[in-house]
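Coordinate inspection notes
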Amino acid sequence: MPRLPYLRYDDLDEDGREVWDGVVGSRGSQLINEQGGLVGPFNAFVHAPGVGGRMSALGAEVRFRTSLERRLTELAIITVGARWRAEFEWWAHARMAREHGVPEAVVAAIGGGEEPPFEAGDERVVYDVAHELAASGRVSPAAYAAAQGLLGDRGLVELVSICGYYTLVSFLLNAFEVPLPDGATPAWGD
């Protein structure tokens, strides 16, 4: 049971409706649950539309409009989600990581807290940065140099921003105990 009640569209003021329209317009109506509210972190967004609108815009930017390949973006997202054991984030993005080419063995290892068996060097570089940031809030000189060599300055700023944004999303999901959709199996069961 989520800690925040689901707000329906008709419950919202003009600012909340604007956030709702932006979320559903950019991500689809499948985000509306059987109670008529938004799933995942998006219910929190409409509870605080000033913050939520900005988070939604940042989320769209870091997920869809960076210089990183989507495969690498999803790899960073699941690395962060696994660190914080954010069930909804993992449920949503582990499958996207697979769909965009991250091997199942890598996804499973990240979810299990094990060292991933990377075959692609670019995945190792992105994982190292995301993993180090999620663990300590810092990036070692070696990981930084490898990522800068692979992604350049712009790509590295985008990668760190992806990690920061999905840490925020993980915190929202965990703090408000956002449930998985009916029938979804938790990855960790906490």
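Since the model is a prediction, treat every value here as computed from it, not as a measurement.

Observations concerning the overall build of the chain
Helix and strand content of the chain: eight helices and zero strands. If you list the helices and strands of the chain from N to C, you get α-α-α-α-α-α-α-α. Here the C-alpha radius of gyration of the chain, 17 Å, is about what a compact globule of 190 residues would show, namely 16 Å. Viewed in the frame of its principal axes, the chain has a C-alpha envelope of about 50 × 35 × 30 Å. By the burial criterion, 48% of the 190 residues in the chain qualify as buried. Considering only residue pairs separated by 6 or more positions, the chain has 64% of its internal contacts joining residues 24 or more positions apart. Of the roughly 9,400 Å² of accessible surface on the chain, a fraction of 53% belongs to carbon and sulfur atoms. Averaged over its 16 positive side-chain charges, the chain has a centre that lies 2 Å from the centre of its 27 negative ones.

Regarding unusual backbone geometry
Of note, the phi angle at R85 is positive, near 50 degrees, even though the residue is not glycine. Among the structural elements, R85 can be located in the loop between helix 4 (70-84) and helix 5 (87-99). The phi angle at E177 is positive, at roughly 45 degrees, despite the residue not being glycine. With respect to the helices and strands, the residue E177 is situated in the segment after helix 8 (141-175).

Some details on empty space enclosed by the protein
The tally for this structure, following the rule as stated, stands at one cavity of 30 Å³ or more. Volume-wise, the largest cavity comes out at about 60 Å³. Taken together, P2, L4, Y6, G40, P41, N43, A44, F176 and V178 make up the full set of residues lining the largest cavity. For the lining of the largest cavity, a count of residues per class yields seven nonpolar, two polar and no charged.

Things to note about the layout of surface pockets
The computed volume of the largest pocket comes to approximately 700 Å³. Surrounding the largest pocket, 32 residues form its lining, L31, V39, G40, F88 and W91 being those nearest its centre. Listing elements by their share of the lining of the largest pocket, those giving two or more residues are helix 1 (14-27), helix 3 (49-64), helix 5 and helix 8. Considering each element in turn, the lining of the largest pocket owes the most residues, seven residues, to helix 5. Classifying every residue of the lining of the largest pocket by side-chain character gives 19 nonpolar, seven polar and six charged.

Here we look at the nonpolar core
Ranked by size, the top nonpolar core spans 57 residues in total, and within it L38, F45, L75, W90, I110, L159 and Y166 carry the most contacts. Listing elements by their share of this core, those giving two or more residues are helix 1, helix 2 (42-47), helix 3, helix 4, helix 5, helix 6 (104-111), helix 7 (121-136) and helix 8. Of the residues forming this core, the biggest block, twelve residues, is contributed by helix 8. Excluding its chain neighbours within four sequence positions, the residues that come into contact with Y166 are V62, R63, I77, V80, E89 and H93.

Considering the side chain of R27
Along the polypeptide, R27 turns up in helix 1. Once residues lying within four places of it in the same chain are set aside, the contact partners of R27 are F42, S56, G59 and A60.

Rules and cut-offs
Residues numbered from 1 in each chain as written. Predicted model: local features only at pLDDT ≥ 70, side-chain atom pairs only at ≥ 80, totals over all residues. Heavy atoms only, no water. Helix = DSSP H or I, 4+ residues; strand = E, 2+ residues; numbered from the N terminus. Rg over C-alpha atoms; globule rule 2.2 N^0.38 Å. Buried < 20%, exposed > 50% of the residue type's maximum accessible area, 1.4 Å probe, protein only. Contact = heavy atoms within 4.5 Å. Areas by Shrake-Rupley, 256 points an atom, 1.4 Å probe, with all protein chains shown as cover. Lys, Arg positive; Asp, Glu negative; His and termini not counted. Charge placed at Lys NZ, Arg CZ, Asp CG, Glu CD. 1 Å grid on protein atoms, 1.4 Å probe; cavity = no way out; pocket = protein on both sides within 12 Å on 5 of 7 lines; lining within 4 Å. Points joined across faces, edges and corners; volume = space filled by probe spheres on them. Nonpolar A, V, L, I, M, F, W, Y, C, P; charged D, E, K, R; others polar. Core = buried A, V, L, I, M, F, W, Y, C linked by side-chain atoms within 4.5 Å.

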